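Structural features, examined
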Amino acid sequence: SQNNSLNPKITSNYPAFLYYQPTVIFEFKNINLGFLYSHQSTGSRISILDYSGEYRFDSKINSNAFGILSEVKLNPEKILSFRLYSELGVAKTKLNLIEFFKVYDETLLNDKYAFESYNYYFEPGIKISYPNNHFCFEFNLGYLKQFGKETLTGKEVLTNELGDKIKPDWSGFRCGLSVYLLLFH
């Protein structure tokens, strides 16, 4: 606000970030089945810093998910392959909050809080792939929908200012570029 002479800065505010997803796929004539693991993360930082001290509030959140994958080949005989896919799995979310406050050389606050939850997800979408020798290049576009009602809990349940329980929500569009190795090809 205009009356705040300290002028706090938000240096990051939960930006979209790369996600990692190793997958094992068993290929059949018109369908593929597989298992996958995915990791995604983001975070936020609010900070104030000058000659007299520093205040910092970091929020780091990540998800590790395990799921099953199914794909239906739309044109199995073509080099440029189109497939409809769906993933179904469980995601463990971890949230770490770190609050730090220092005036001159004295640390007045250095608190850390950890919360986690388990929820489920479903992601349908489409993939376009192009094989080249023992490698395959792939583009995917899908929408991940998280469901389940588990809230973020640690030593206590995380709530907002109104007392409502907070749960993570990783729902949103997924766009990916992949390169993978074709074994037994």
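Residues numbered from 1 in each chain as written. Predicted model: local features only at pLDDT ≥ 70, side-chain atom pairs only at ≥ 80, totals over all residues. Heavy atoms only, no water.

Across its full length, the protein chain carries zero helices and eight strands. Along the protein chain, from the amino end to the carboxyl end, the secondary structure elements read β-β-β-β-β-β-β-β. Its C-alpha atoms give the protein chain a radius of gyration of 22 Å, more than 25% over the compact-globule value 16 Å for 185 residues. In terms of its C-alpha atoms, the protein chain occupies a principal-axis envelope of roughly 70 × 35 × 30 Å. When burial is assessed residue by residue, the protein chain has 30% of its 185 residues classed as buried. In the protein chain, the proportion of contacts linking residues at least 24 apart, taken out of those at least 6 apart, comes to 64%. Carbon together with sulfur atoms contributes 60% to the accessible area of the protein chain, which is approximately 12,700 Å² in total. Each charge class in the protein chain was averaged separately, 19 positive and 19 negative side chains, and the resulting centres sit 6 Å apart. (Helix = DSSP H or I, 4+ residues; strand = E, 2+ residues; numbered from the N terminus. Rg over C-alpha atoms; globule rule 2.2 N^0.38 Å. Buried < 20%, exposed > 50% of the residue type's maximum accessible area, 1.4 Å probe, protein only. Contact = heavy atoms within 4.5 Å. Areas by Shrake-Rupley, 256 points an atom, 1.4 Å probe, with all protein chains shown as cover. Lys, Arg positive; Asp, Glu negative; His and termini not counted. Charge placed at Lys NZ, Arg CZ, Asp CG, Glu CD.)

Moving on, we get to the confidence of the model for the protein chain. Per-residue pLDDT for the protein chain averages 89, and the proportion of residues at 70 or more is 93%. Mean pLDDT across the elements of the protein chain ranges from a minimum in strand 1 (residues 9–13), with 66, to a maximum in strand 5 (residues 81–103), with 96. (pLDDT = per-residue confidence, 0-100.)

Before going further, it helps to examine the packing of aromatic side chains. Counting across every chain of the model gives four aromatic pairs. Ring centres of Y143 and F173 lie 5.0 Å apart, and the angle between their planes is 75 degrees; on these two criteria the pair is classed as edge-to-face. Remark: F173 occurs in strand 8 (residues 172–181) and Y143 occurs in strand 7 (residues 135–147); sequence separation between them is 30 residues. Lying across the ring of Y85, K127 places its NZ or CZ 4.9 Å from the centre. (Phe/Tyr/Trp six-rings, centres within 6.5 Å; stacked < 30°, edge-to-face > 60°. Lys NZ or Arg CZ within 6 Å of the ring centre and 35° of its normal.)

Even without being a glycine, Y104 presents a positive backbone phi close to 50 degrees. Locating Y104 in the fold gives a position in the loop between strand 5 and strand 6 (106–132). Judged by relative accessible area, which is 52%, Y104 ranks as exposed. Positive phi outside glycine occurs at N133, with the angle close to 60 degrees. Structurally, N133 is set in the loop between strand 6 and strand 7.

Side chains that differ in sign of charge can pair as their charged atoms come close. Enumeration over the complete set of coordinates arrives at nine salt bridges. In this structure, R83 engages E71 in a salt bridge whose closest nitrogen and oxygen atoms are separated by 2.9 Å. On the criterion of sequence distance, the pair formed by R83 in strand 5 and E71 in strand 4 (residues 53–73) is long-range, its members being twelve residues apart. Considered together, R83 and E71 belong to a single accessibility category, that of buried residues. A salt bridge links E71 to K127; the nearest nitrogen and oxygen atoms lie 2.7 Å apart. Highlighted residues: E71 in strand 4 and K127 in strand 6, separated in sequence by 56 residues. We classify K127 as buried; its relative accessible area is 8%. (Salt bridge = Lys/Arg side-chain N within 4 Å of Asp/Glu carboxyl O.)

For the rest of this paragraph, the subject is the pairing of strand 7. Of the two faces of strand 7, the one lined by C136, E138, N140, G142, L144 and Q146 is fully buried and the one lined by F135, F137, F139, L141, Y143, K145 and F147 carries no buried residue. One ladder, built from eleven bridges, connects strand 6 with strand 7; its direction is antiparallel. The partner of Y130 across the bridge, within strand 7, is F137. Following strand 6, the chain reverses through two residues before pairing antiparallel with strand 7; N133 in that reversal takes a positive phi of roughly 60 degrees. Pairing geometry for strand 7 and strand 8, over ten bridges, is antiparallel. In the sheet register, F139 faces strand 8, and the bridge partner there is L177. (Pairing = 2+ DSSP bridges.)

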